[in-house]
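Letter by letter, the chains look like this.
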Amino acid sequence: AQSVAQPEDQVNVAEGNPLTVKCTYSVSGNPYLFWYVQYPNRGLQFLLKYITGDNLVKGSYGFEAEFNKSQTSFHLKKPSALVSDSALYFCAVRLPYTGRRALTFGSGTRLQVQP
Amino acid sequence: NAGVTQTPKFRVLKTGQSMTLLCAQDMNHEYMYWYRQDPGMGLRLIHYSVGEGTTAKGEVPDGYNVSRLKKQNFLLGLESAAPSQTSVYFCASSYGRDQPQHFGDGTRLSIL
C-alpha cells in the first residue's frame, strides 16, 4: 500500500518569513512524490515532483521541496512567503514498479500567510 | 486555452436520481481521472482511464460508473444517488502516468 501524511491541518506564517509545509510517506521502495496547490473554488495545480536525481527539487512560484529518504519526508518550502501563497496544499505519492498507476493524495494543509 | 472543462458546475439531486458528469480535455492527454474531495479527506480517486476505451477502478469506485468512448471525454455516472455522494468532484488529465495532472474547476454535487 502507498500512503502519504500531512501532519498539519493548517500552517500560519507571516509574509516575508520562510514557510514549510510537511509531508511524510510510508511506502517501501523509491516513491515518486508530488506537490499540488489548490486556490479557492479551483482545481489543483501542479507545483513540483520528485522522480529521481537531485534531492532538492525546484518548482513553480518559487517553491522547492527536499526528498529525504532516511526521514521518509518531502517537505515543501519557500524562502519568503507571500500573501498570495495562501491556499490548500496537497502532497501525493506513487510507488513505481507496482500495479498501481495513480497517485495517492494526502489530506491537505491549509497555508495562511498573514500580511 | 480551455484545458479541462467540467459540466455542470453545480447540481442538486434527490436520493435515487441518476446523473452524468462530463469532463472534456483539449490537450490530447492519454490519462484521465475522476476524484472526489471531501473536507479533511483530501482527494480520493474514483476511477481513471489510461487511454480511449479503457477504465479502471480507484480507491472509492462503488456507486459510480465511467466511460471513455472518446479520448477527449471522460464521463462519470451516478446510477442511484445517495447523500454520501454529496461532494465536490474533480476531473483531471495528464499526458502520462507521472506527468503533471491538469484539473478542472470541479462540480459541486448535493444529494438531498
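Just so it is clear, the model here is predicted, and its values are computed rather than measured.

Each value, and the rule that gives it
Residues numbered from 1 in each chain as written. Chains lettered and ligands numbered in written order. Predicted model: local features only at pLDDT ≥ 70, side-chain atom pairs only at ≥ 80, totals over all residues. Heavy atoms only, no water. Pairing = 2+ DSSP bridges. Helix = DSSP H or I, 4+ residues; strand = E, 2+ residues; numbered from the N terminus. Axes fitted to C-alpha atoms, helices over the stretch in contact; angles between N-to-C directions. Contact = heavy atoms within 4.5 Å. Buried area = accessible area lost by both parts, 1.4 Å probe. Salt bridge = Lys/Arg side-chain N within 4 Å of Asp/Glu carboxyl O.

A word on the sheet that holds strand E7 (residues 64-67) of chain B
All names here are of chain B. If you trace the four strands from one edge of the open sheet to the other, you get E1-E3-E8-E7, paired in antiparallel fashion. The sheet is open, and its two borders are formed by strand E1 (4-7) and E7, each paired with just one other strand. If you compare each strand with its neighbour and ignore which way they point, the axes differ by 20 degrees on average. Of the strand pairs in this sheet, strand E3 (residues 19-25) and strand E8 (residues 73-78) are connected by six bridges, and their pairing is antiparallel. What sits directly across from Leu22, in E8, is Leu75.

Remarks on the interface of chain A and chain B
In this assembly, 21 residues from chain A lie in contact with 20 residues from chain B. In this assembly, chain A packs against chain B so that about 1,800 Å² is buried in total across both faces, 51% of it on carbon and sulfur atoms. Summed over the three residues of chain A that lose the most area to chain B, namely Leu44(A), Arg101(A) and Phe105(A), the buried surface amounts to 31% of that side. Counting the contacts that link chain A with chain B gives two salt bridges. For Asp105(B), the salt bridge identified is with Arg42(A), shortest N-O distance 2.9 Å.

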